[in-house]
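# Architecture at a glance
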Amino acid sequence: MTPRFDAIGLVVSDMAASLAFYRRLGLDIPAGADSAPHAEAVLPSGLRVLWDTEETVRSFDSGWTAPSGGERTGLCFRCEGPAEVDTLYEELVSAGYRGHLKPWDAVWGQRYAVVLDPDGMGVSLFADAA
């Protein structure tokens, strides 16, 4: 038996706010999910992204507390090119999301930027450098 990596789970404080952010990044999330305690989106690769509210997680793990002091996981979105990184970053920041790292040309050969989702998790936007 070999386990298969199937999903990435996110615990969120505001389901509707989180889903609105990830819809802006192109994820196809069911419209009725905004008020649900759990939501899922299937990516083209078959990998799933799962969202659960803090209350949902506490319903089965009463000792759960929100992480503090930094993050250890982040989602990364590949863009078609460097200009799309810049455009998407500006669109998200203009929509009220917090920019963390403005677009820059990284030494590893990519155009890179980081925006924070509604729960403060860093979401990377990147593309191969021109």
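Let me sum up the structure you'll find in this document. (Residues numbered from 1 in each chain as written. Predicted model: local features only at pLDDT ≥ 70, side-chain atom pairs only at ≥ 80, totals over all residues. Heavy atoms only, no water.)

## A look at helix α3 (residues 82–94)
Over its 13 residues, α3 runs 19 Å from end to end, which matches the ideal 18 Å to within 8%, given 1.5 Å per residue. At its buried positions, α3 is contacted by α1 (15–24), β5 (98–105), β6 (110–116) and β7 (122–128). At the exit of α3 stands glycine 96, carrying a positive phi of roughly 105°. (Helix = DSSP H or I, 4+ residues; strand = E, 2+ residues; numbered from the N terminus. Expected span 1.5 Å × (residues − 1). Contact = heavy atoms within 4.5 Å.)

## Brief notes about the environment of glycine 99
By the secondary structure assignment, glycine 99 is in strand β5. Residue glycine 99 is classed as partly exposed on the basis of its relative accessible area, which comes to 36%. For the pair glycine 99 and alanine 113, spaced 14 residues apart in sequence, the C-alpha to C-alpha distance is 8.3 Å. Ignoring sequence-local partners within four residues, the contact set of glycine 99 consists of Tyr89, Val93, Val114 and Val115. (Buried < 20%, exposed > 50% of the residue type's maximum accessible area, 1.4 Å probe, protein only.)

## Focus on the packing of aromatic side chains
If you walk through the whole model with that rule in mind, you get eight aromatic pairs. Seen from their ring centres, tryptophan 108 and tyrosine 112 are 5.5 Å apart, and the 80° between their planes marks the pair as edge-to-face. You can call tyrosine 112 buried: its relative accessible area is 14%. Ring geometry for tyrosine 112 against phenylalanine 126: centres 6.0 Å apart, planes inclined by 20°, an arrangement best described as stacked. Placement of the pair is tyrosine 112 in strand β6 and phenylalanine 126 in strand β7, with a sequence separation of 14 residues. (Phe/Tyr/Trp six-rings, centres within 6.5 Å; stacked < 30°, edge-to-face > 60°.)

## What to know about the sheet that holds β7
A sheet is described by the order of its strands in space; here four strands give the open sequence β4-β7-β6-β5, paired in mixed fashion. A strand with exactly one partner marks an edge of an open sheet, and here the two such strands are β4 (75–78) and β5. Within the sheet, the average angular offset between the axes of one strand and its neighbour, ignoring direction, is 15°. Examined bridge by bridge, β5 and β6 share five bridges and lie antiparallel to one another. Its bridge partner being in β6, tryptophan 104 is matched across the sheet by tyrosine 112. Those strands touched by α3 are β5, β6 and β7, and its axis lies near 15° from that of β6. (Pairing = 2+ DSSP bridges. Axes fitted to C-alpha atoms, helices over the stretch in contact; angles between N-to-C directions.)

## Some points on the nonpolar core
Tyr22, Leu25, Trp51 and Leu125 are the most contacted members of the largest nonpolar core, which totals 28 residues. Among the elements of the structure, β1 (7–12), α1, β2 (38–42), β3 (48–53), β4, α3, β6 and β7 are those that each provide at least two residues to this core. (Core = buried A, V, L, I, M, F, W, Y, C linked by side-chain atoms within 4.5 Å.)

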